[in-house]
Amino acid sequence: MKYNFDTVIDRMKSSSVKWDGAEGLFGEKDLLPLWVADMDFKVPDEVSKAVADKAAHGIFGYTIREESYYQSIIDWMKTRHNWAVEKEWICHSPGVVTALSLAVQAFTEPGDKVIVQPPVYYPFMKVTETNNREVVYNPLVNNNGTYEMDFDDLVSKIDESVKVLMLCNPHNPGGFVWKKEELQRLGDICMKYGIIVISDEIHSDLVFRKGSHIPFASISEQFAQRSITCTAPSKTFNLAGLQTSNIIIPNEELREKFSAETDRNSIGMPNSFGPVATEAAYSHGVQWLDEVLEYVAGNLKYVTEYFAEHIPALKVLPLEATYLAWIDCRGLGMTPEELETFFLSKAHVALNQGKAFGPGGEGFVRMNLACSRSIIEKAAQQIKEAVDSLPS
Ligand SMILES: Cc1ncc(COP(=O)(O)O)c(C=O)c1O
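Residues numbered from 1 in each chain as written. Predicted model: local features only at pLDDT ≥ 70, side-chain atom pairs only at ≥ 80, totals over all residues. Heavy atoms only, no water.

## Points about the pattern of salt bridges
Here's step 1: Considering all chains together, one arrives at 18 salt bridges under this definition.
Here's step 2: A salt bridge links D40 to R11; its shortest N-O distance comes to 2.8 Å. Taken as a pair, D40 in the loop between strand 1 (32-33) and helix 2 (45-57) and R11 in the segment before helix 1 (22-26) lie far apart in primary sequence, 29 residues in all.
Here's step 3: Residue classification places D40 among the buried residues on the basis of a relative accessible area of 7%.
Here's step 4: Among the ionic pairs, D153 bridges to K157, the shortest N-O distance being 3.0 Å. (Salt bridge = Lys/Arg side-chain N within 4 Å of Asp/Glu carboxyl O. Helix = DSSP H or I, 4+ residues; strand = E, 2+ residues; numbered from the N terminus. Buried < 20%, exposed > 50% of the residue type's maximum accessible area, 1.4 Å probe, protein only.)

Right, dumping it as structure tokens:
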């Protein structure tokens with residue numbers, strides 16, 4: 001291993017949402033922050049150097065995206081996901097959540113409906129509602145820890161007001177990759193009813209089995225023409241603070257509509273650091289990413305075994321993608337509110353509460369595993385002590 005992820009890097013007083021923001025948000029002191037999806041790991045050396053070189057130049061005027069930037073994205077998509085992307089297809093947005101909101105504005109009208117498949121990343125609902133569109137739930141079916149789409153329910157929910165479906169691929173918070181047959185069937189239904197698929201693939205590089213992620217748009221030309229794919233180096237390489245994402249839209253008409261929203265909001269131009277960091281990460285970050293995935297897999301193994309041995313009421317679901325463990329806590333027999341208080345006030349661990357992810361999330365928590373093993377060990381022990389202290 002070239003990188004040492006065991007070293008704990010102090011992130012307090014670094015303006016970190018995860019660390020410095022936890023007390024204000026959760027109202028408790030001394031929480032172990034295992035919530036929002038960023039990593040406690042330093043980025044690959046080449047990325048730090050690219051940013052440092054840019055900083056050393058000392059001039060941070062309006063910035064363009066170089067040819068080599070686009071090429072690094074194209075090469076990454078080809079080698080990592082076997083998806084041939086063309087430069088013209090690549091649109092921009094500071095973040096993926098911004099892109100989801102722009103897409104809602106571009107492809108729907110107020111009052112239109114957007115289908116989401118909960119439990120799912122909560123901004124899917126939020127951007128729909130804050131844009132005055134209606135959320136329609138097509139809940140996933142939890143078959144003993146394996147999630148499946150409910151296609152009959154999906155078809156029954158479609159009417160002429162449904163314009164968009166938001167797909168989380170790979171899935172957050174479930175931590176799984178969709179199989180080709182599932183994506184094919186979903187896409188066929190959306191194509192039949194003229195529904196545009198917004199495929200959020202921000203976690204696509206974080207798969208434990210190489211090549212297991214299938215970009216929705218790569219399945220067929222028809223799917224490519226009726227979808228937009230949200231990608232970013234932010235989850236993959238821990239660059240969320242650099243506000244850089246790439247939205248891949250093969251269809252010219254959809255691309256123009258999306259770009260019109262970017263222009264209207266005047267957010268198309270990058271900051272000075274995002275493009276250089278992205279290019280360095282995609283060009284030189286493979287070994288770092290492979291090592292991160294191995295390390296996270298070790299953290300997952302640790303909590304899975306620890307909970308199975310010491311806290312059987314908590315079940316860690318298997319993880320195929322993301323560094324976010326989805327933990328079934330229903331065995332504790334608590335309401336979602338009690339569960340939240342339990343983890344914050346008794347265990348002193350900040351997790352994402354499942355209920356925030358919509359129907360089907362109640363009774364679950366999401367734990368961020370992208371941190372040093374010693375932090376995971378401490379959190380597991382604090383949770384065990386809290387469970388042991390519960391009245392039997
Ligand atoms: C599925 C998904 N989409 C988008 C985001 C956030 O993207 P951004 O920070 O680029 O807005 C996250 C962050 O956790 C996520 O899990």
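From this point, things continue past the structure.
## What to know about the environment of L314
Here's step 1: Inspection of the secondary structure puts L314 in the loop between helix 12 (286-310) and strand 11 (315-316).
Here's step 2: In sequence terms L314 and D328 are 14 residues apart; their C-alpha atoms lie 5.7 Å from each other.
Here's step 3: If we skip the residues at most four places from it in the chain, L314 touches F307, I327, D328, C329, L332 and I383. (Contact = heavy atoms within 4.5 Å.)

## Description of the site of the ligand
Here's step 1: Residues in close proximity to the ligand include A37, G95, V96, V97, Y121, C168, N172, D200, I202, H203 and K235, which together make up its full environment.
Here's step 2: A distance of 2.9 Å is found between an oxygen atom of the ligand and a backbone nitrogen or oxygen belonging to V97.
Here's step 3: Here a nitrogen atom of the ligand and a side-chain polar atom of D200 are 2.6 Å apart.
Here's step 4: Coverage of the ligand by the protein amounts to 89% of the 400 Å² it exposes when considered alone.
Here's step 5: A per-class count over the shell around the ligand returns 6 nonpolar, 3 polar and 2 charged. (Near = heavy atom within 4 Å. Polar contact = N/O pair within 3.5 Å; in protein donor to acceptor, adjacent residues only side chain to side chain. Areas by Shrake-Rupley, 256 points an atom, 1.4 Å probe, with all protein chains shown as cover. Nonpolar A, V, L, I, M, F, W, Y, C, P; charged D, E, K, R; others polar.)

## Observations concerning the sheet that holds strand 14 (residues 352-353)
Consider a sheet: its strands pair through backbone hydrogen bonds, and that pairing is either parallel or antiparallel.
Here's step 1: Read across the sheet, 4 strands follow the order 11-12-15-14 without closing on themselves; strand pairing throughout is antiparallel. Either end of the sheet is taken by a strand with one partner, and the two such strands are strand 11 and strand 14.
Here's step 2: Bridge analysis of strand 12 (residues 324-328) against strand 15 (residues 364-368) gives 5 bridges, and the strand direction is antiparallel. Residue pairing for strand 15: D328 is matched across the bridge by F364. (Pairing = 2+ DSSP bridges.)

## Focus: the pairing of strand 15
Here's step 1: Buried residues dominate strand 15, accounting for 5 of its 5 residues.
Here's step 2: The two faces of strand 15 match: F364, R366 and N368 on one face and V365 and M367 on the other face are all buried.

## Remarks on the domain arrangement of the protein chain
Here's step 1: Domains assigned within the protein chain are domain 1 (22-44 + 286-387) and domain 2 (60-284).
Here's step 2: Just the C-alpha atoms count here: the centres of domain 1 and domain 2 sit 25 Å apart.
Here's step 3: At the interface, 32 residues of domain 1 touch 32 residues of domain 2.
Here's step 4: Between domain 1 and domain 2, the buried area comes to about 2800 Å², and carbon and sulfur atoms account for 63% of it.
Here's step 5: Linking domain 1 to domain 2 there are 2 salt bridges.
Here's step 6: For the salt bridge of R80 with D290, the shortest nitrogen-to-oxygen distance reads 3.8 Å.
Here's step 7: Where domain 1 meets domain 2, there are 12 residue pairs in polar contact (both at pLDDT 80 or more).
Here's step 8: Looking at the side of domain 1 that touches domain 2, the elements that each hand over two or more residues are helix 12, strand 12 and strand 15.
Here's step 9: Counting residues per element, the side of domain 1 that touches domain 2 draws most heavily on helix 12, which supplies 7 residues.
Here's step 10: In the side of domain 1 that touches domain 2, the residues fall into 22 nonpolar, 5 polar and 5 charged. (Domains from an automatic or database assignment. Buried area = accessible area lost by both parts, 1.4 Å probe.)

## Describing the sheet that holds strand 3 (residues 113-116)
Here's step 1: The strand order across the open sheet built from 7 strands is 2-10-9-8-7-3-4, with neighbouring strands paired in mixed fashion. Each end of this open sheet is capped by a strand with a single partner; those strands are strand 2 (90-93) and strand 4 (134-137). Looking at each pair of strands side by side, their axes are set apart by 25 degrees on average, direction ignored.
Here's step 2: Across the sheet, helix 7 (residues 180-192) touches strand 7 (162-168) and strand 8 (196-200), and the angle it forms with strand 7 is around 165 degrees. (Axes fitted to C-alpha atoms, helices over the stretch in contact; angles between N-to-C directions.)

## Some words on the pairing of strand 10 (residues 245-248)
Here's step 1: Alternating positions in strand 10 separate into two faces, S245 and I247 on one and N246 and I248 on the other, with burial throughout.
Here's step 2: Note that strand 2 and strand 10 share 4 bridges and pair antiparallel. When the bridges of strand 10 are listed, S93 appears paired with S245.
Here's step 3: The sheet contact formed by strand 9 (residues 227-231) and strand 10 spans 3 bridges and is antiparallel. Among the inter-strand pairings, C230 is bridged to a residue of strand 10, identified as I247.

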